[in-house]
Amino acid sequence: VRGLRSGFGRGAAMVGFLGDGGASFEMLAGSGLSERSLALLARRPASHGRRPAATALRAGRPLVWSSIGARDRAYPDLASYPSSMPAGAMLPLVSGGRLAGLLALGWPAERAFDPIELALLDVVRHRCAAAIDRVRARRAWRAEREALEFLHAATRTTASSREPMEVVHRRV
């Protein structure tokens, strides 16, 4: 996330993934965000409501704004929300045809996004989606390994026991 910040103008960055079929959101990393922004983004962004993150996730397409005025026109309920990052982007992370997470970026100055920058942001979001896939695969592998270790130990206990109740007492 720090690399994203420095590569995109020393603003703010946050990446997180959706779990439980989109019912939960877990922030993996954030840098350059205020505590208030972290709290706002850490809530389940795919839920109801009109927030930039929720809009981008529902549409499955990047959402960018060039100034606080542009953000506030699109999201009037954020008009009272101060930000040190006037320009921003909410980039849904899609992998395998499903929504995987969100990359949020902020810039410390107003800016216009040209087509080349938007294409670069698209490449970055696809790379982040691949990284989230790797995190999920690693977690699944770890859970499978733990289950196999448990089954191995239970099998060893069963094979070495003469009494069925001994197996229950040793494994429970």
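Residues numbered from 1 in each chain as written. Predicted model: local features only at pLDDT ≥ 70, side-chain atom pairs only at ≥ 80, totals over all residues. Heavy atoms only, no water.

Give a description of the overall build of the protein chain that names residues and reports values.
Scanning the protein chain from N- to C-terminus turns up six helices and five strands. N-terminal to C-terminal, the α/β element order of the protein chain is α-β-β-α-α-β-α-β-β-α-α. Going through the 172 residues of the protein chain one by one, you find that 36% of them count as buried. Restricting the contact set of the protein chain to residue pairs at least 6 apart, pairs at least 24 apart contribute 51%. When the accessible surface of the protein chain is totalled, it reaches about 10200 Å², and 57% of it is carbon and sulfur. (Helix = DSSP H or I, 4+ residues; strand = E, 2+ residues; numbered from the N terminus. Buried < 20%, exposed > 50% of the residue type's maximum accessible area, 1.4 Å probe, protein only. Contact = heavy atoms within 4.5 Å. Areas by Shrake-Rupley, 256 points an atom, 1.4 Å probe, with all protein chains shown as cover.)

Quick one: what's the story with the nonpolar core, residue by residue and with numbers?
One broad rule of soluble globular proteins: the nonpolar side chains tend to lie buried together. With 17 residues, the main nonpolar core has Leu91, Leu93, Leu103, Leu105, Trp107, Leu121 and Ile132 as its most contacted residues. When contributions to this core are tallied by element, the ones reaching two or more residues are strand E1 (12-19), strand E4 (87-95), strand E5 (98-107) and helix H5 (115-160). At five residues, H5 tops the list of elements feeding residues into this core. In this structure, Ala53, Leu57, Met90 and Ala104 belong to the second largest nonpolar core, which totals ten residues. (Core = buried A, V, L, I, M, F, W, Y, C linked by side-chain atoms within 4.5 Å.)

Tell me about the packing of aromatic side chains, residues and numbers included.
This model, assessed by the stated rule, comprises one aromatic pair. Arranged with centres 5.1 Å apart and planes meeting at 75°, the rings of Trp107 and Phe113 form a pair that is edge-to-face. As far as the burial class goes, Trp107 and Phe113 line up, both buried. (Phe/Tyr/Trp six-rings, centres within 6.5 Å; stacked < 30°, edge-to-face > 60°.)

Tell me about the environment of Arg98, and name the residues and values.
Examined against the element boundaries, Arg98 turns out to sit in strand E5. We classify Arg98 as partly exposed; its relative accessible area is 45%. In this view, Arg98 contacts Leu93 and Arg136; residues no more than four positions away in its chain are not counted.

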